[in-house]
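Next come the chains, spelled out residue by residue.
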Amino acid sequence: MHCMDVTVQVGSTKAMKGVSLVALSFVSAQKEQVCLLLEVDAAPSEAKTTEKECAMIIEHALLETEGDAAERLDGTLKELNGLLKGLILSKAIDSVHAIVAIVDSNGTLHTSHAGCAEAYIIRGGTAGQITEYTRGKPLPAFVHIASGTLEARDIVIFSTQRLLRAVTPAQLAQMAQRGEQLLDELINTLESEKEHAALGALHVSGPQHRPHAVRAHAARGHPGPGQRRRHPSSAAADPSPLGQREWQRRERAAPPGRQRPGRRRLSRLQPDRRGQLR
């Protein structure tokens, strides 16, 4: 990323009984910033084992492996899906909400979530959701990858729970103006609302520049069972400041035994009928 630096902060609220929150950041061999958030509903010993095994997969499959960041993330998510499926089937854990993100050397963010985890971008004073939001019971597996070019002064917030239960998009954008105090303020707000989550905040510094388009990958296959194709939306009447036409989403990383999902382009963010993020 030319003339821009990326920093990552991680933290968590107080956890509910029976729930473990994990927030980790890494730097790859290529100096890429990586974030891993986990919310595990399990006994403490099982949750600790899940954390260690997930971190080990991140280190070996994503941080230490050479090649394109998106392809490395793709392989990492396959391994994580296999691990999580085994833990859930064996009843070692009851549920999991997680998010993995990497910023490659070209300044492109690639992120994927499992369960209720979500990612939001704040750009030009407007907050928008960049991860897939599917109504109904969340799937405890990584299915979608959202990718897009970061711009100077972007802030990306990662959470293992839906933040919009506690704050509005406008409040989220206002909090982003706090800089490095953003994470602490977000934690305090969630705790005051009796909410919990593992959190990450990615800050991009440097001069402003015009966005660069990200090409969409060719479609391949079909969405996994139960996956609906939905477009995220923005709380702003005019979503163009987010530059979401440069973002794309791929549906992939299906758990073992499921058909490999296809890929599709993420279109411009649009508000729903209530003008709220979906």
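From a predicted model like this one, the values you see are computed outputs, not experimental measurements.

Asks: Got a minute to help me understand the overall build of the protein in this structure?
Replies: Each helix and strand counted, the protein has four helices and 12 strands in total. Taking contacts inside the protein between residues at least 6 apart in sequence as the whole, the part at least 24 apart equals 73%.

Asks: Can you help me understand unusual backbone geometry in this one?
Replies: With the exception of glycine, most residues fall at negative phi, and the peptide bonds are largely trans. One non-glycine residue, K91, lies in the positive phi region at around 65°. Within the secondary structure layout, K91 lies in the loop between α2 (69–89) and β4 (95–103). If you check the backbone angles, K194 has positive phi at about 60° while not being a glycine. Within the secondary structure, K194 sits in the loop between α4 (182–192) and β10 (198–205).

Asks: When you look at the sheet that holds strand β1 (residues 5–12) in this model, what are you seeing that I'm missing?
Replies: Pairing between the strands of a sheet comes from backbone hydrogen bonds, and it takes one of two forms, parallel or antiparallel. Read across the open sheet, the five strands follow the order β1-β10-β9-β6-β7; overall the sheet is antiparallel. Each edge of the sheet is formed by a strand with only one pairing partner; in this case those strands are β1 and β7 (126–129). Direction aside, the axes of adjacent strands within the sheet are offset by 20° on average. Pairing between strand β9 (residues 155–159) and β10: five bridges, direction antiparallel. Across the sheet, I157 pairs through a bridge with A201, a residue of β10. Docked against the sheet, α4 engages β1, β9 and β10, running at close to 150° with respect to β10.

Asks: Mind showing me how you'd approach the packing of helix α1 (residues 44–63) against α2 here?
Replies: For any two helices packed against each other, the geometry is given by the interaxial angle and the distance between the axes. Taken N-terminus to C-terminus, the directions of α1 and α2 make an angle of 155°; their axes are 9 Å apart at the nearest point. The angle between α1 and α2 places the two elements in the roughly antiparallel class. Judged by the twist between their axes, the crossing of α1 over α2 is right-handed. Counted together, T50, E53, C54, I57, I58, A61 and L62 of α1 and A69, R72, L73, T76, E79, L80, L83, L84 and L87 of α2 form the full contact between these two elements. Class assignment of the residues belonging to the contact of α1 with α2 gives a composition of 11 nonpolar, two polar and three charged.

Asks: Sorry, what's going on with the layout of surface pockets here?
Replies: If you add up the space inside the largest pocket, you get close to 360 Å³. In terms of lining, the largest pocket is formed by 22 residues, of which the most central are G115, C116, T134, P138 and L139. Counted by class, the lining of the largest pocket contains eight nonpolar, eight polar and six charged residues. By volume, the second largest pocket amounts to about 210 Å³. I122, R123, G124, G125 and R153 are, among the 13 residues lining the second largest pocket, the residues nearest its centre.

Asks: Would you take a moment to explain the nonpolar core for this structure?
Replies: Nonpolar side chains tend toward joint burial in soluble globular proteins. One finds I58, L80, V100 and F142 to be the most contacted residues of the largest nonpolar core, which totals 31 residues. Every element with two or more residues in this core is listed here: β2 (19–27), β3 (33–41), α1, α2 and β4. At eight residues, α1 tops the list of elements feeding residues into this core. Residues within four places of L80 in sequence aside, it is in contact with C54, I57, I58, V100 and F142.

Asks: Explain the environment of K17 here, please?
Replies: Here K17 is to be found in the loop between β1 and β2. Along the backbone, K17 and D41 are 24 residues apart, and their C-alpha atoms lie at a distance of 9.1 Å.

Asks: Got a minute to help me understand the pattern of salt bridges in this structure?
Replies: If you walk through the whole model with that rule in mind, you get eight salt bridges. In this structure, D74 and K78 form a salt bridge, with 4.0 Å as the shortest nitrogen-oxygen distance. In this pair, D74 and K78 are both assigned in helix α2, four residues apart and thus about one turn of the helix distant. Judged by relative accessible area, D74 falls into the buried class, the value being 4%. A salt bridge links R178 to E185, with the nearest nitrogen and oxygen atoms 3.0 Å apart.

Asks: Got a minute to help me understand empty space enclosed by the protein in this structure?
Replies: To find leftover empty space, a probe the size of one water molecule is rolled over the atoms. Taken as a whole, this structure holds two cavities of 30 Å³ or more when the rule is applied. Along its surface, the second largest cavity is lined by Q161, R162, L163, R165, L190, E195, H196 and A197. Here the lining of the second largest cavity is composed, by residue class, of three nonpolar, two polar and three charged.

Definitions and cut-offs
- Each chain carries its own residue numbering, running from 1 in the written order of its sequence.
- Since the coordinates come from a predicted model, pLDDT governs what is reported: local features require at least 70, and pairs of side-chain atoms require 80 or more to be given and counted, while whole-chain, interface and lining totals use all residues.
- To obtain the side-chain values, all non-hydrogen atoms of the structure were used and water was disregarded.
- Helix and strand assignments follow DSSP, with helices taken as H or I runs no shorter than four residues and strands as E runs no shorter than two, numbered in order from the N terminus.
- Pairs of residues are marked as contacts when any of their non-hydrogen atoms sit within 4.5 Å.
- Each pair of strands is called paired provided DSSP finds at least two bridges between the two strands.
- Whenever a helix is involved, its axis is fitted only over the stretch in contact; in every case the axis is a line through C-alpha atoms, and angles between N-to-C directions fall within 0 to 180 degrees.
- Orientation categories follow fixed angle ranges, with anything under 35 degrees roughly parallel, anything over 145 roughly antiparallel, 65 to 115 roughly perpendicular, and all other angles oblique.
- Take the far helix as your reference; a near helix turned counterclockwise from it by less than a right angle gives a left-handed crossing, and one turned clockwise gives a right-handed crossing.
- When residue character is reported, Ala, Val, Leu, Ile, Met, Phe, Trp, Tyr, Cys and Pro are called nonpolar, Asp, Glu, Lys and Arg charged, and the others, Gly included, polar.
- In the cavity and pocket records, a cavity denotes points on a 1 Å grid over the protein atoms alone where a 1.4 Å probe fits but cannot get out, a pocket denotes an open set with protein on both sides within 12 Å along at least 5 of 7 lines, and lining residues are residues with an atom within 4 Å of a point.
- Grid points are joined across faces, edges and corners, and a volume is the space filled by probe spheres set on the points.
- By nonpolar core we mean a set of buried residues, namely Ala, Val, Leu, Ile, Met, Phe, Trp, Tyr and Cys, connected to one another through side-chain atoms within 4.5 Å.
- Here's how the labels work: a residue is buried when its accessible area is under 20% of the maximum for its type, exposed when over 50%, partly exposed in between, all with a 1.4 Å probe on protein chains only.
- Only one rule defines a salt bridge in this text: a Lys or Arg side-chain nitrogen within 4 Å of an Asp or Glu carboxyl oxygen.

Just geometry here; none of it tells us what the structure is for.
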